[in-house]
Amino acid sequence: MEKTKKLLVLTGGGDCPGLNAVIRGIAKRARKEKNWEVYGSIEAFNGVFSEPTELIKLTRSKTAGIHVRGGTILKTTNKGNPVHFPVTQPDGTVKFIDRSEELVKRIKELGFDAVINIGGDGSQKISQALYKRGLNIIGVPKTIDNDLSATDMTFGFQTAVQIATDSFDKLVTTAESHDRVMIMEVMGRDAGWIALHTAIAGGAEICLIPEIPYDIQKIVKKIQSRYINGQGFVNIVISEGAKAKDGTIVSSQGSKGSEHVRLGGVAYQLSKQLKDAGCEAEIRETVLGHVQRGGSPTAFDRVLATLFGVKAVELLLEGNFGRMVTLKNNAISSVTLEEATERYNFVEKDGYIVKAAKGLGISFGD
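Just so you know, these numbers come straight off a predicted model, no measurement behind them.

A few points about the nonpolar core
Across soluble globular proteins, you tend to see nonpolar side chains buried next to one another.
No. 1: Counting 65 residues, the largest nonpolar core has Leu7, Ile26, Ile116, Ile118, Val140, Phe155 and Phe364 as the members making the most contacts within it.
No. 2: Leaving out residues up to four positions away in the same chain, Ile116 has contacts with Leu7, Leu8, Val9, Leu10, Ile26, Ile138, Val140, Ala312, Val313 and Leu316.
No. 3: Ile183, Leu208, Val250 and Val266 belong to the second largest nonpolar core, which has 23 residues in total.

A short note on the pattern of salt bridges
No. 1: Taken as a whole and judged by the stated rule, the model has 15 salt bridges.
No. 2: The salt bridge involving Arg29 is made with Glu314; its shortest N-O contact spans 3.9 Å. Placement of Arg29 in helix H1 (residues 19-31) and of Glu314 in helix H10 (residues 299-317) is noted, with a sequence separation of 285 residues between them.
No. 3: Between Asp152 and Lys328 there is a salt bridge, with the nearest N and O atoms lying 3.5 Å from each other.

Some remarks on the sheet that holds strand E10 (residues 234-239)
No. 1: If you walk across this open sheet you meet the four strands as E9-E10-E8-E13, and the pairing is parallel. If you trace the sheet from one side to the other, it starts and ends with strand E9 (206-208) and strand E13 (282-287), each paired once. The average angle at which neighbouring strand axes cross in this sheet is 15°, direction not considered.
No. 2: Note: strand E8 (residues 180-186) against E10, six bridges, orientation parallel. Note that in E10 the partner of Met184 across the bridge is Val237.

Let's talk about a nonpolar patch on the surface
No. 1: On the surface, a cluster of nonpolar side chains totalling about 440 Å² of accessible area is made up of Ile200, Tyr352, Ile353 and Leu360.
No. 2: Turning to its location among the elements, Ile353 is positioned in helix H12 (residues 352-359).
No. 3: Taking relative accessible area as the criterion, Ile353 reaches 32% and is therefore assigned partly exposed.

Thoughts on a positive patch on the surface
No. 1: A grouping of Lys28, Lys32, Lys34 and Arg60 is seen on the molecular surface, where their side chains present a positively charged patch.
No. 2: Examined against the element boundaries, Lys34 turns out to sit in the loop between H1 and strand E2 (36-41).

A closer look at unusual backbone geometry
Trans is the common state for peptide bonds, and a negative phi is the common state for residues other than glycine.
No. 1: In this model, Glu51 is joined to Pro52 through a cis peptide bond whose omega is -5°.
No. 2: Locating Pro52 in the fold gives a position in the loop between helix H2 (46-49) and strand E3 (55-57).
No. 3: The phi angle at Ala44 is positive, at roughly 55°, despite the residue not being glycine.
No. 4: Within the fold, Ala44 resides in the loop between E2 and H2.

Section: the environment of Asp246
No. 1: Relative to the helices and strands, Asp246 is located in the loop between E10 and strand E11 (251-252).
No. 2: For Asp246 and Ile353, which are 107 residues apart along the polypeptide, the C-alpha to C-alpha distance reads 25 Å.

Points about the side chain of Thr63
No. 1: Along the polypeptide, Thr63 turns up in helix H3 (residues 60-63).
No. 2: Judged by its relative accessible area of 2%, Thr63 falls in the buried class.
No. 3: If near-sequence neighbours (up to four positions away) are discounted, Thr63 is found in contact with Ile23, Arg24, Ala27, Arg31 and Leu58.

Section: the sheet that holds E3
No. 1: A sheet is described by the order of its strands in space; here seven strands give the open sequence E3-E2-E1-E6-E7-E14-E15, paired in mixed fashion. Only two strands of the sheet have a single neighbouring strand rather than two, namely E3 and strand E15 (331-336). For this sheet, the mean inter-axis angle between neighbouring strands, taken without regard to orientation, is 30°.
No. 2: Sheet topology note: the strand E1 (residues 5-11)/strand E6 (residues 114-119) ladder contains five bridges and is parallel. Directly across from Leu8, in E6, lies its bridge partner Val115.
No. 3: Contacting E1, E2, E6, strand E7 (137-141), strand E14 (323-328) and E15, H10 runs over the sheet at an angle of about 140° to E14.

Some points on helix H6 (residues 157-178)
No. 1: The end-to-end C-alpha separation of H6 is 32 Å, in line with the 32 Å expected for 22 residues at 1.5 Å each.
No. 2: Those residues of H6 lying buried are Phe157, Thr159, Ala160, Val161, Ala164, Thr165, Phe168, Leu171 and Ala175.
No. 3: Contact partners of the buried residues in H6: E8, helix H7 (193-202), E10, E13 and H10.
No. 4: One or two positions beyond H6, positive phi appears at Asp179, with a value near 55°.

Rules behind the numbers
Residues numbered from 1 in each chain as written. Predicted model: local features only at pLDDT ≥ 70, side-chain atom pairs only at ≥ 80, totals over all residues. Heavy atoms only, no water. Core = buried A, V, L, I, M, F, W, Y, C linked by side-chain atoms within 4.5 Å. Buried < 20%, exposed > 50% of the residue type's maximum accessible area, 1.4 Å probe, protein only. Contact = heavy atoms within 4.5 Å. Salt bridge = Lys/Arg side-chain N within 4 Å of Asp/Glu carboxyl O. Helix = DSSP H or I, 4+ residues; strand = E, 2+ residues; numbered from the N terminus. Pairing = 2+ DSSP bridges. Axes fitted to C-alpha atoms, helices over the stretch in contact; angles between N-to-C directions. Patch = residues over 30% accessible without salt bridge, like charges linked within 9 Å, V, L, I, M, F, W, Y side chains within 5 Å. Areas by Shrake-Rupley, 256 points an atom, 1.4 Å probe, with all protein chains shown as cover. Lys, Arg positive; Asp, Glu negative; His and termini not counted. Charge placed at Lys NZ, Arg CZ, Asp CG, Glu CD. Expected span 1.5 Å × (residues − 1).

Next up, the structure:
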């Protein structure tokens, strides 16, 4: 009788539509191999570190039908980096320590033969660090920001764009009804993919992204060109990481134990800049925030996430560890974890999508 093997699955970083579809895809494909059992770690690697451990067996009943649900049944966190793990000191301060060797040892002691880590750029850097320390690990790319260059697209991105576009469509009608300038802020961190795709899909007049610092006077000029005798309207999509040519990104300190700064609020900064620059039109701001990360994934993201999950299991069955699943040229493939994280996927300011948007008359304020 063949020895039963154990697979550990986890989701790290921000939540994202399609995570449950990946979990289900992994569990269903692994169950076809009679000698594999699949477990999930609660809140990324925190479930392994917890005393007692917080691990759940991903049985048929646990994963049945979850592909239509947003979020992740395994929960997630951006405060559990084992290489830079936050530990609260007696005085209340947080000290970051390296617990990666301890983590690898603990996972092996628990009898796991392989790990599948579902996460974005930061999570896959963790995967690479753990692989170097001897862990049999495979990465699955996840982020609504679409900022991993090794894959043509990440699941969750299309859902986020759809949510943003639906919201933008609603703002267009109220902008026209009131002769207003409507500013809609979307997520994306340092990459402008969500804003760019939403601007094209929604028919925005102005799109502001991190990769192209904007000139406020050029935006005012664009707005003025849309108004005659005080009548007209303008719809602006701005990415949370966008900034003026002589400005800075709007951010605040992340929550306790988080390594990341918190972005958000640039819509209000832009509104003030426009008023200070002499824009006479009435301006309203909408910050979409976390609605872009929630809800049921689109059919495209369900399919992509499921295919990623199946491919991840096939890689481990081949013993092909230290790799991340990718979508390249419409084919599901893989790259090394080192390749997966070596380059951030910025919008190319001279790329075709930006040129096409400018061809449609969309202003980037440059």
